[in-house]
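Descriptive structure summary
Each chain, written out:
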Amino acid sequence: MGSVEMSSAPSFTVTPLTKTANEKHNFGAVIEDVDLENISDSNVKALADAIWTHKVVIVKGQQKLSPIKQWELVTRFDPEAPLVHSHGDLKTFNKQGGLLSRGRDVYGVPGAENVRLIGKGHQGEDHFGLKNTTINKELAHLWHNDKLPDEDFEAGHTRFQRWHIDAPLYARDPAWFTTLRCFKRPTKPEVTIHWDDGSGLTMKSEPGLTAFFSNVQTYELMTEEERKIADHSWVEYAPHPYQWMGECKSNPTGLGLVSQGKEKTLEDLSPYDEKSVKRYPMVWVNPVTGEKAFMVHGICVRRVFMRSSPTDEPEVVEDLVRIREWLAKIQERVLKPEYIMLPQVVEGDIVMWANYQMFHTAVDYPDHWGARTMHQANIGASLGPVGPVPIPV
Ligand SMILES: [Fe+2]
């Protein structure tokens, strides 16, 4: 247990990130003067509140943190949650993870298996007991339907991999937060992220970073009519959703699938339990700020239940082309450089985000620019997303 404190005021500092006049994203803060190796219960609560409030926080100066303490922090954020990573144990994940586990190695850190080593390249002679480990993964944009030529990629032309929330969307509820600790990444040269969708949009970034946009802002950009539907409607995710869409390809922006009829039939999936199929509201309410976020993980949606008031009979939509077109119209509005932010994490930083409010994605860089080493941990939540109005389940 943490130390007893007389006040619930945090003893660390929270500094909202500054932005230029052209930037419209409204999230992000830097947290300093906290030692996560030895953090009190009241500071854990204050840190959780800061994540809900700022959506993405960069906790500085955690070079000495032991891996098990990252996992302990994650469990203390949600003490009622079962003690397992949101994607389950490694064996299950590697067997049933579909798109998420294919084409890459996923390691647990010895002694703290729920902390996942992610990145690429050689991880050093002894990384917390992992000896001379090299992480092999396929290039992030191989998932895109229209191919990025290798020579363009080698010249620093890259893309967003896959905009997503960290969520199994089957059996366990998504983690409230994800924590991602940076050990190592190349810091130069810059990559140029291209939309490659005909818009001509690009943005520059250091390599090895994670990109974010806020679905609170997505909600703010919706029309009154769209919000009325979103507030009262819900989606049903496929059973084993990443198997179901495991053969599908994405748009070049990494947001949304190309509809080619490659989804598996329910009979082709691993055995599943109807009770574990997830139906979630389209809008998720922030428990600390009350903000609404449009949180639909479109690539895994199998059916949508649409209505515009609590008493409407919902229209059940199973036409994936129609569902995806409706989602794209809304979600692509926020997919603009001015709403996207890539926190500049360095060794010792841990970025933590409100997974119930944000979309995030990796951005790949050429292997020979250097290795990347990160520790990721989150926990399947004790309470799933809550919408503005109850949905029948
Ligand atoms: Fe992720």
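Bear in mind that the values here come from a model prediction, so they are computed numbers and not experimental data.

1. Things to note about the pairing of strand β13 (residues 210–214)
Of all five residues that make up β13, five are buried, and the element is covered over most of its length. Neither face of β13 is open: one carries Thr 210, Phe 212 and Ser 214, the other Ala 211 and Phe 213, and all of them are buried.

2. Section: helix α1 (residues 41–54)
The terminal C-alpha atoms of α1 lie 20 Å apart, and with 14 residues this matches the ideal 20 Å at 1.5 Å per residue to within 8%. Those residues of α1 not exposed but buried are Asn 43, Val 44, Leu 47, Ala 48, Ala 50, Ile 51 and His 54. Each buried residue of α1 sits inside an arc of 160° when the element is viewed along its axis, so together they form one side. Just beyond α1, the residue with positive phi is Lys 55, at close to 75°.

3. Description of the nonpolar core
Counting residues in hydrophobic clusters, the biggest one holds 91 residues, and the most contacted among them are Ile 51, Phe 294 and Trp 353. When residues of this core are assigned to domains, at least three fall in each of domain 1 (13–216 + 337–377) and domain 2 (223–331). Discounting chain neighbours no more than four positions away, the residues touching Ile 51 are Val 57, Phe 177, Met 352, Trp 353 and Ala 354.

4. Quick word on unusual backbone geometry
Between Lys 188 and the following residue, Pro 189, the backbone shows a cis peptide bond with an omega angle of 0°. Of note, Ala 171 is a non-glycine position whose phi angle comes to about 65°, a positive value. Unlike most non-glycine residues, Asp 196 shows phi in positive territory, near 55°. Position of Asp 196 relative to the elements: it lies in the loop between β11 (191–194) and β12 (202–205). By C-beta crowding, Asp 196 is classed as buried, having 22 other C-beta atoms within 10 Å.

5. Some details on the sheet that holds strand β18 (residues 301–306)
Pairing is antiparallel across the open sheet formed by four strands, whose spatial order is β15-β14-β18-β19. What marks the edges here is a single partner per strand, and that holds for β15 (279–281) and β19 (315–317). The average undirected angle you get between the axes of adjacent strands in this sheet is 25°. Note that β18 and β19 share three bridges and pair antiparallel. Within β19, the residue paired with Met 306 across the bridge is Glu 315.

Rules used in this analysis
- Residues numbered from 1 in each chain as written.
- Predicted model: local features only at pLDDT ≥ 70, side-chain atom pairs only at ≥ 80, totals over all residues.
- Buried ≥ 20, exposed ≤ 12 C-beta atoms within 10 Å, placed from the backbone.
- Helix = DSSP H or I, 4+ residues; strand = E, 2+ residues; numbered from the N terminus.
- Expected span 1.5 Å × (residues − 1).
- Arc of directions from axis to C-beta.
- Core = buried A, V, L, I, M, F, W, Y, C linked by C-beta atoms within 7 Å.
- Domains from an automatic or database assignment.
- Contact = placed C-beta atoms within 7 Å.
- Pairing = 2+ DSSP bridges.
- Axes fitted to C-alpha atoms, helices over the stretch in contact; angles between N-to-C directions.

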